[in-house]
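So you can see what is in the structure, the chains are spelled out below.
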Amino acid sequence: MTVKVAAGIRLGVLQDRLAEFRQWLPLDPWDASVTIKRIIDENLQGPRRYGYGSVREHLIGMEMVLADGRLIQSGGNVVKNVAGYDLMKLFVGARQSLGVIATVTFKLLPIPARQETVSRPCKSASEAAGLTDRLLDSAVCPTVLDWYRLGAGAGVNVCCAFAGTGEQVDWQLGEIADFGMTPSGDANYEREFFDERNEPTRMSSVLPSRLAEAVGELGGAPFVARAGNGVVWSKVTVGKPTPRAPG
């Protein structure tokens, strides 16, 4: 249930290799061709951060090269490791300012027997907030809880996903049967929004309880938001945009 990899390996290649053993690394930035090194350097995240946590939650060991050429190590190769300071977490999102990541050890999870994604279009951010509150107040445990809008307008789509055994997923879908959510396949909205051929995105962070207000201030611009933690990426070009990758 662990894997040690060179930091230059691409995420998609690693996931394919792990799938041979029915395991996976629950990180899903929109572009599976990014390297493990870039994921850590830029703290890249995907929709499943809500259910599985961020990069930090899956790291258990790392080797780094410092500016003076020294190779240092932090963490270990097993899950139950408490020796030394947890210095490797400083490198998450540091964008190579502290050193260059050489190898990484992750803890893994079994591939879920079943995963289902459902969504519902809402006429406004306030309607999306009401639906999200119903989901959070229910007994279900989604692995994805996102809002998005790919074109200009006032509408907001609410997307959530469930994973586990077939029985677990069926039960959760039954719990939200009257929520008006329908199967929507994979999270294709993520890839379409963050496609690097499109205009740069801006990132902001708000309290999840204020997400509807923040979305309302976008003026109908396309966006993707993590409804569970309040991080919003938008295509609003006010002043000088700051390109940011999903994280």
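Residues numbered from 1 in each chain as written. Predicted model: local features only at pLDDT ≥ 70, side-chain atom pairs only at ≥ 80, totals over all residues. Heavy atoms only, no water.

Colleague: Can you help me understand the sheet that holds strand S3 (residues 59–65) in this one?
Modeller: Two strands in a sheet stick together by hydrogen bonds in their backbones, pointing the same way (parallel) or opposite ways (antiparallel). The antiparallel open sheet is built from four strands, whose spatial order is S1-S5-S3-S4. Because the sheet does not close on itself, it has two edges, and the strands there are strand S1 (2–6) and strand S4 (71–75). Shown here is a sheet whose adjacent strand axes are inclined to one another by a mean of 15°, direction ignored. (Pairing = 2+ DSSP bridges. Helix = DSSP H or I, 4+ residues; strand = E, 2+ residues; numbered from the N terminus. Axes fitted to C-alpha atoms, helices over the stretch in contact; angles between N-to-C directions.)

Colleague: Help me out: how do you make sense of the packing of aromatic side chains in this one?
Modeller: With the rule as written, the count across this model stands at four aromatic pairs. Relative to Trp233, the ring of Phe194 lies with its centre 5.5 Å away and its plane at 80°, an arrangement referred to as edge-to-face. In this pair, Phe194 sits in helix H7 (residues 188–194) while Trp233 sits in strand S13 (residues 231–234), placing the two residues 39 residues apart along the sequence. A relative accessible area of 6% means that Phe194 is categorised as buried. Site record: aromatic cluster; members linked through ring pairs are Phe193, Phe194 and Trp233. Geometry around Phe179 places Arg134 over its ring, the cationic atom sitting 4.0 Å from the centre. One residue, Lys235, lies across the ring of Phe193, its end atom 4.3 Å from the ring centre. (Phe/Tyr/Trp six-rings, centres within 6.5 Å; stacked < 30°, edge-to-face > 60°. Buried < 20%, exposed > 50% of the residue type's maximum accessible area, 1.4 Å probe, protein only. Lys NZ or Arg CZ within 6 Å of the ring centre and 35° of its normal.)

Colleague: Mind showing me how you'd approach the sheet that holds strand S11 (residues 202–205) here?
Modeller: Ordered in space as S10-S7-S9-S8-S12-S13-S11, the seven strands form an open sheet in which the pairing is antiparallel. Edge positions in the sheet fall to strand S10 (182–183) and S11, since each of these pairs with one other strand and no more. Pairing geometry for strand S8 (residues 144–149) and strand S12 (residues 223–226), over four bridges, is antiparallel. Bridge assignment links Arg149 to a residue of S12, and that residue is Phe223. Along the sheet, helix H6 (residues 166–175) contacts strand S7 (114–122) and strand S9 (156–164); its crossing angle with S9, the most-contacted strand, is approximately 150°. (Contact = heavy atoms within 4.5 Å.)

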